[in-house]
Amino acid sequence: MEIHDVGTFLFQMAFMKIRTQISIYLGPFILIVISTIFFLNYHFVRSYLRENANIELQKTEQNMHRAAQELLSTAISNYLRAITEKNLEFIEEQYALYRLGKLTEREAKDKIQMHFNLQTVGKSGYLVAVKEMNSQLFLDLHPFLPGSNCTATEGCKTWAATRHGFTEYDWKNPADNSFRKKAAYVLEFPEWNWIVGASSYRDEFVDLVDVEELGRLIRPVRINKSGYFFLFDEKGTILLHPEFSNIDGTALVNSKGENILTLLLASRDGYLTYLWKNPSEETEQRKYAFVDKLEGYNWYLVATGYLSEIYEPIEYLKTLTMAMVLLMGIALFYIIIRLSNVISTPLHTLKDGVDLFYAYRDRFHWQHHNIDEINVLGYAFSRMSSELNRSLAGLEEKNLELRRSDQEKEKNRLFLDSMINSMPSIIIGVDQILCVTLWNAQAQLATGLHPEEAHGKLLFTVFPEMSEHQEQLQRSIGEKALLVLPYFRTDEFGKTEYSEITVSPLFSPQKAGAVIRIDRVTDRIEMEQRLRQSQKMDAVGQLAGGIAHDFNNMLSGIVGSAELLRLRVGPENQQLVKIITDASIRAGELIQKLLAFSRKEPITFVSVNVHNIISDTTDILHRTLDKRISIESRLEAESTTVMGDWSQLQNSLLNIGINAGHAMPDGGILTFSTANIELEEMYCSNMPFDITPGTYLQVTIRDTGCGIAKENLKRIFEPFFTTREINKGTGLGLAAVYGAVQQHKGAITVYSEIDHGTEFSLYLPLSNVKDTVEKIPEELVCGEGCILVVDDEPVVRITAKSMLERLGYSVLEAENGKEGLEVYKQHQQHISLVLLDMLMPVMDGSSCFFNLKAIDPDVKVVISSGFTRAADLVSLKEHGLCNFIRKPYSMTQVSQVIAQALNRPTALSKTLQAQYLPDTTTHTTRTTEQ
């Protein structure tokens, strides 16, 4: 705020205080006193009127209650009197007959008792004759207790005391559970010392009472101007009311949803207020009421009136007082305005003079005024204006220098902040007690805390991850030594983020502390991990490549010999032959897995229907797993075609299924299910797989086995990692699955709980191409012709020769490529096909193939090898290679491959092309485990 504004504000404040002082203090005081007197008086009168009205209402209700009770009692008395007098006449008639000798005393009394029994008083009442004899009372005639001594009962005592007239008392018949109030009218019959009367329970006379007679009593009575009485029973039926009767009162509610009868019955002292509107009324009004029960009838008599009618006498007083307060307020306001003008006029003059001074910087000249206080203020401003003119000149020069200095500092600070916030690292400054002094944009992004929220707080409060390094940080600051710490954390998606913490202590003697830089090094760490994994795979590949050829050659001899032996032994030895064959096949599969890791095997993708693969897999598992394991399929996906390798996908499902079987030694449920899902970009970016957003086929394999421990979940896909006993697992199964999923551009996740089971989910990208995989027939295909077998292993040549001769072919042999060329030159006209090994001494298979093509461009060649590079096969196919068969092979496989090569040398089936020969134009060669 500038000086001119300050001066103006001061004058405005002075003017306001003088002008409004009276209105602020005197005006409200007077108004408050007058209003308080009015409201206290109003409240007192209102309370007095309401209290008197309540008392009058209660008295009126009590008087009406007594009148109603008297009316009802009179009605009951008249009813009972008529019955008693009529029956007394009958008694006198029977007594007269007894006196004339026509009836004995007993006969007369029995006849009277029979006459009594034929009558009902009320609902369950009856006629009784009480006899007085020797100061005792007996029930001479009674429907339930004839002849009983009733001297001690309240009923008989009351009859004896009354003798003539209406009375009430408590009574209990043998069938009753408790005493009840009875009403009776009694008359004396002295001839037999009887007191005769008709009696009944009081609450049974309700139906006998004429409600209209009671209505004629209460309807004319008014509470104030328009209040009234009404009557209802314990069931909620309104018996009497000025505007309706004999209706269900439980349905009558006010605007608040309150049932009036319920409120009346719930009132403790019988008094309450409530909102109500009768049908004839336009608006709902506040009412007050007293309720009292008519004893013996279960009826409730209510006296009710309108509260507004109580306060009518004070409404005029209220209006008059409010008008007086308003007039006094107007008069007071006028007085204040007049008084303030007298005082404020010179102040306005002073204010205008000060405004001119601040506008033009001229010295202020005060003109003498007749109010001394104003003169003191005016002359003071005059002197102050001269001093201000001298001071302002110096202040403006100093302010200009300060603004320039502040602008330069702000520019430097913004430049430094821009540099710090532009850095990709998290930068945090701390003092010597590790409280935050600097907090850049990356720190805010990582924690969600603004710099203002973090400044001054302990580092571990705003960055809890640093708490484990507290001692090292303090030591680094104390010793002023550079500190580098590794740090990692796992996010909610299971992805591990690696960081590097660098602590640089401050060397300034004035301010101790440090700058902490946190760099994300996840990419570098993952690259190092991938490098180590690649080196591991290379080592595995070198091992596999070194042994694959020789090992498969040996397996070829074993498999071939077992095939031939199977044809020669009897049924009792077939199981032994099968054991040899199965073991050799498993050994071959192990070598293929190793080759897949080292990217030594060519893989070609075609469109396959995953549901068909699952169906074949479950068939195999049904025959393989424990019969106590139930295998279920829930194939719900609509689109099921993917680009992939049938064998790899089936082996992946088999590996997971067999592992699940091992996890359920006592049986369980193995479930295969499918679904189509849409993977979004955020989900794909957080997965450790190279997948793109789109529609995927989700294949879920769930078991109810023992589950996988958390510490093992991160390692289950590592090659050679296994938790099974020695010699019971290679550790390559799940690693092969992981590699196959990667090669298919998909992803795999696993979730497991101990003792609950494990769930694997495979995500494979869908393809629009129809399924093109053909199944290879499983039967032998015989043929004729001459086959040249070129292989450096004698065992392979011997078994191949025996199998081919068994199939109908004649066989020539050669132990290397050079010898094979010589044999082919000599027997070119007779040789139908060359079965050629790839790795041989003297001359390898590739060189031999091109030499054979030079001799005879139409020569038919099938490559047979346990280890062949993809590039070699691609080159050979381009130059006319007919087919390829992997060692070890069975007699069925070799018969089909040779027959197809001889019959259709230029049109191989899609299945064999996909299985053995890579396509040079459309194939996708990716490496993983099979």
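Residues numbered from 1 in each chain as written. Predicted model: local features only at pLDDT ≥ 70, side-chain atom pairs only at ≥ 80, totals over all residues. Heavy atoms only, no water.

We now examine the overall build of the protein chain. When its secondary structure is counted, the protein chain shows 25 helices and 28 strands. The buried share of the protein chain, taken over its 930 residues, is 43%. For the protein chain, the share of sequence-separated contacts (at least 6 apart) that also reach a separation of at least 24 residues comes to 63%. Accessible surface for the protein chain amounts to roughly 50,400 Å². Of this, 54% is attributable to carbon and sulfur atoms. (Helix = DSSP H or I, 4+ residues; strand = E, 2+ residues; numbered from the N terminus. Buried < 20%, exposed > 50% of the residue type's maximum accessible area, 1.4 Å probe, protein only. Contact = heavy atoms within 4.5 Å. Areas by Shrake-Rupley, 256 points an atom, 1.4 Å probe, with all protein chains shown as cover.)

Across the sheet, which stays open at both edges, the 5 strands sit in the order β2-β1-β5-β4-β3 with antiparallel pairing between neighbours. Bordering the open sheet on either side are β2 (136-141) and β3 (165-171), each of which pairs with just one other strand. Put simply, the sheet's adjacent strands are angled 35° from each other on average, direction ignored. Bridge count between strand β1 (residues 126-133) and strand β5 (residues 194-201): 6 bridges; the pairing is antiparallel. Each residue of the ladder has a partner; that of Ala 129, found in β5, is Val 196. The strands touched by helix α2 (residues 105-117) are β1, β2 and β5; relative to β2, the strand with the most contacts, the crossing angle is about 75°. Contacts from helix α3 (residues 154-162) reach β1, β2, β3, β4 (180-189) and β5, with the element oriented near 165° to β3. (Pairing = 2+ DSSP bridges. Axes fitted to C-alpha atoms, helices over the stretch in contact; angles between N-to-C directions.)

Attention shifts here to the sheet that holds strand β21 (residues 694-703). Read from one edge of the open sheet, 5 strands run β18-β20-β21-β23-β22, paired in mixed fashion. Bordering the open sheet on either side are β18 (629-635) and β22 (747-753), each of which pairs with just one other strand. Each strand axis lies, on average, 15° off the axis of its neighbour in the sheet, ignoring direction. Bridge count for β18 against strand β20 (residues 668-679) is 7 bridges, and the pairing is parallel. Its bridge partner lying in β20, Leu 635 is registered against Thr 674.

Let us now look at the side chain of Thr 617. Inspection of the secondary structure assignment puts Thr 617 in helix α15 (residues 610-624). Judged by its relative accessible area of 0%, Thr 617 is buried. Excluding residues that lie within four positions of it along the chain, Thr 617 makes contacts with Gln 650, Leu 653 and Leu 654.

Residues annotated in UniProt with the feature "modified residue: 4-aspartylphosphate" (unreviewed entry) correspond here to Asp 837. Along the chain, Asp 837 turns up in the loop between β26 (831-836) and α22 (845-855). (UniProt positions renumbered as here; feature names shortened; annotations may be inferred.)

So, on to a negative patch on the surface. On the surface, Glu 89, Glu 92, Glu 93 and Glu 191 cluster together into a patch of negative charge. Within the secondary structure, Glu 92 sits in helix α1 (residues 3-99). (Patch = residues over 30% accessible without salt bridge, like charges linked within 9 Å, V, L, I, M, F, W, Y side chains within 5 Å. Salt bridge = Lys/Arg side-chain N within 4 Å of Asp/Glu carboxyl O. Lys, Arg positive; Asp, Glu negative; His and termini not counted. Charge placed at Lys NZ, Arg CZ, Asp CG, Glu CD.)

What follows covers the packing of aromatic side chains. Applying the stated rule across the entire model yields 15 aromatic pairs. With a centroid separation of 5.8 Å and 50° between ring planes, the pair formed by Tyr 95 and Tyr 98 is classed as tilted. Of the two residues, Tyr 95 and Tyr 98 are both situated in helix α1; the distance of 3 residues between them amounts to about one turn of the helix. An aromatic cluster is built from Tyr 95, Tyr 98, Phe 189, Trp 192 and Trp 194, whose rings are joined through pairwise contacts. (Phe/Tyr/Trp six-rings, centres within 6.5 Å; stacked < 30°, edge-to-face > 60°.)

A few words now on the side chain of Asp 837. Here Asp 837 falls in the buried class, since its relative accessible area comes to 1%. Only 3.4 Å separates the side chain of Asp 837 from the side chain of Lys 887, close enough to count as a polar contact. (Polar contact = N/O pair within 3.5 Å; in protein donor to acceptor, adjacent residues only side chain to side chain.)

Once that is clear, we can look at helix α24 (residues 891-903). Over its 13 residues, α24 extends 18 Å from the first C-alpha to the last, a length consistent with the 18 Å expected when each residue adds 1.5 Å. Counting buried positions along α24 gives 10 out of 13 residues, so the element sits mostly inside the fold. Every buried residue belonging to α24 is among Met 891, Thr 892, Val 894, Ser 895, Gln 896, Val 897, Ile 898, Ala 899, Gln 900 and Ala 901, and all of these are buried. (Expected span 1.5 Å × (residues − 1).)

With that settled, consider the pattern of salt bridges. Note on pairing: side chains with opposite charge can pair once their charged atoms come close. Applying the stated criterion across every chain yields a total of 15 salt bridges. A salt bridge links Lys 109 to Glu 105, with the shortest nitrogen-to-oxygen separation between them at 3.0 Å. Of the two residues, Lys 109 and Glu 105 both sit in helix α2, 4 residues apart, roughly one turn of that helix. Residue Lys 109 is classed as buried on the basis of its relative accessible area of 5%.

Moving on to the state of the cysteines. Evaluated as defined, the whole model comprises 1 disulfide. Here Cys 150 pairs with Cys 156 through a disulfide, and the sulfurs are 2.0 Å apart. Torsion about the S-S bond of the Cys 150 and Cys 156 cystine: about -105°, corresponding to left-handed handedness. Residue class for Cys 150 comes out buried when judged on its relative accessible area of 2%. (Disulfide = S-S within 2.5 Å.)

With respect to the helices and strands, the residue Tyr 311 is situated in the loop between α6 (307-310) and α7 (312-360). Once residues lying within four places of it in the same chain are set aside, the contact partners of Tyr 311 are Arg 46 and Arg 50.

Our focus in this paragraph is the packing of helix α16 (residues 646-662) against helix α19 (residues 733-743). Two elements in contact, α16 and α19, have axes whose closest approach is 9 Å; the angle formed by their N-to-C orientations is 145°. In this structure, α16 meets α19 at a crossing whose hand is left-handed. Contact with α16, carried on its side by Gln 648, Ser 652, Asn 655, Ile 656 and Asn 659, involves Gly 733, Leu 734, Ala 736, Val 737, Ala 740 and Gln 743 of α19 and no other residues of that element. Among the residues making up the contact of α16 with α19, the classes are represented as 5 nonpolar, 6 polar and no charged. (Left-handed = near helix turned anticlockwise from the far one by under 90°. Nonpolar A, V, L, I, M, F, W, Y, C, P; charged D, E, K, R; others polar.)

Once that is clear, we can look at the environment of Lys 457. If you trace the backbone, Lys 457 turns up in the loop between α10 (451-454) and α11 (459-462). In this structure, the C-alpha to C-alpha distance between Lys 457 and Leu 434, residues 23 residues apart in sequence, is 8.5 Å. Excluding residues within four positions of it along the chain, Lys 457 makes contact with Leu 434, Cys 435, Val 436 and Val 462. Within the structure, Lys 457 has its side chain in polar contact with the backbone oxygen of Glu 453 (distance 3.3 Å).

Quick look at the pairing of β4 now. For a regular strand, the rule is simple: side chains alternate between the two faces of the sheet. With 7 of 10 residues buried, β4 lies mostly within the body of the structure. Bridge count for β3 against β4 is 7 bridges, and the pairing is antiparallel. By the bridge assignment, Asp 170 is partnered in β4 with Lys 181. Taken together, the 8 bridges between β4 and β5 define a ladder with antiparallel strand orientation. Bridge pairing links Leu 187 to Val 196 in β5. A loop of 4 residues connects β4 with β5, the two strands running antiparallel in sequence, and Asn 193 in this loop sits at a positive phi of about 55°.

Take a nonpolar patch on the surface next. A contiguous nonpolar patch, built from Phe 29, Val 33 and Ile 37 and spanning about 300 Å² of accessible area, is present on the exposed surface. Within the fold, Val 33 resides in helix α1. Given the relative accessible area of 33%, Val 33 is considered partly exposed.

This brings us to the pairing of strand β23 (residues 757-765). Within β23, 7 of the 9 residues are buried, leaving the element largely enclosed by the surrounding structure. With 8 bridges connecting them, β21 and β23 associate as antiparallel partners. If you follow Ile 701 over to β23, its bridge partner there is Phe 760. Bridge analysis of β22 against β23 gives 7 bridges, and the strand direction is antiparallel. Residue Ala 747 lies in a different strand from β23, and its bridge partner there is Tyr 763. Where β22 folds back onto β23 in an antiparallel hairpin, the turn is made up of 3 residues, including Asp 755, whose phi is positive at roughly 70°.

The next thing to look at is the packing of helix α21 (residues 817-826) against α22. Helices that pack against each other are described as a pair by the angle of their axes relative to one another and the distance between those axes. At a minimum axis separation of 10 Å, α21 and α22 run at an interaxial angle of 20°. Judged on the interaxial angle alone, α22 and α21 are roughly parallel. Of the two possible hands of crossing, α21 and α22 adopt the one that is right-handed. For the pair formed by α21 and α22, the contact residues are Gly 817, Leu 821, Tyr 824 and Lys 825 on the first element and Cys 848, Asn 851, Leu 852 and Ile 855 on the second. Grouping the constituent residues of the contact of α21 with α22 by class yields 5 nonpolar, 2 polar and 1 charged. (Parallel < 35°, antiparallel > 145°, perpendicular 65-115°, else oblique.)

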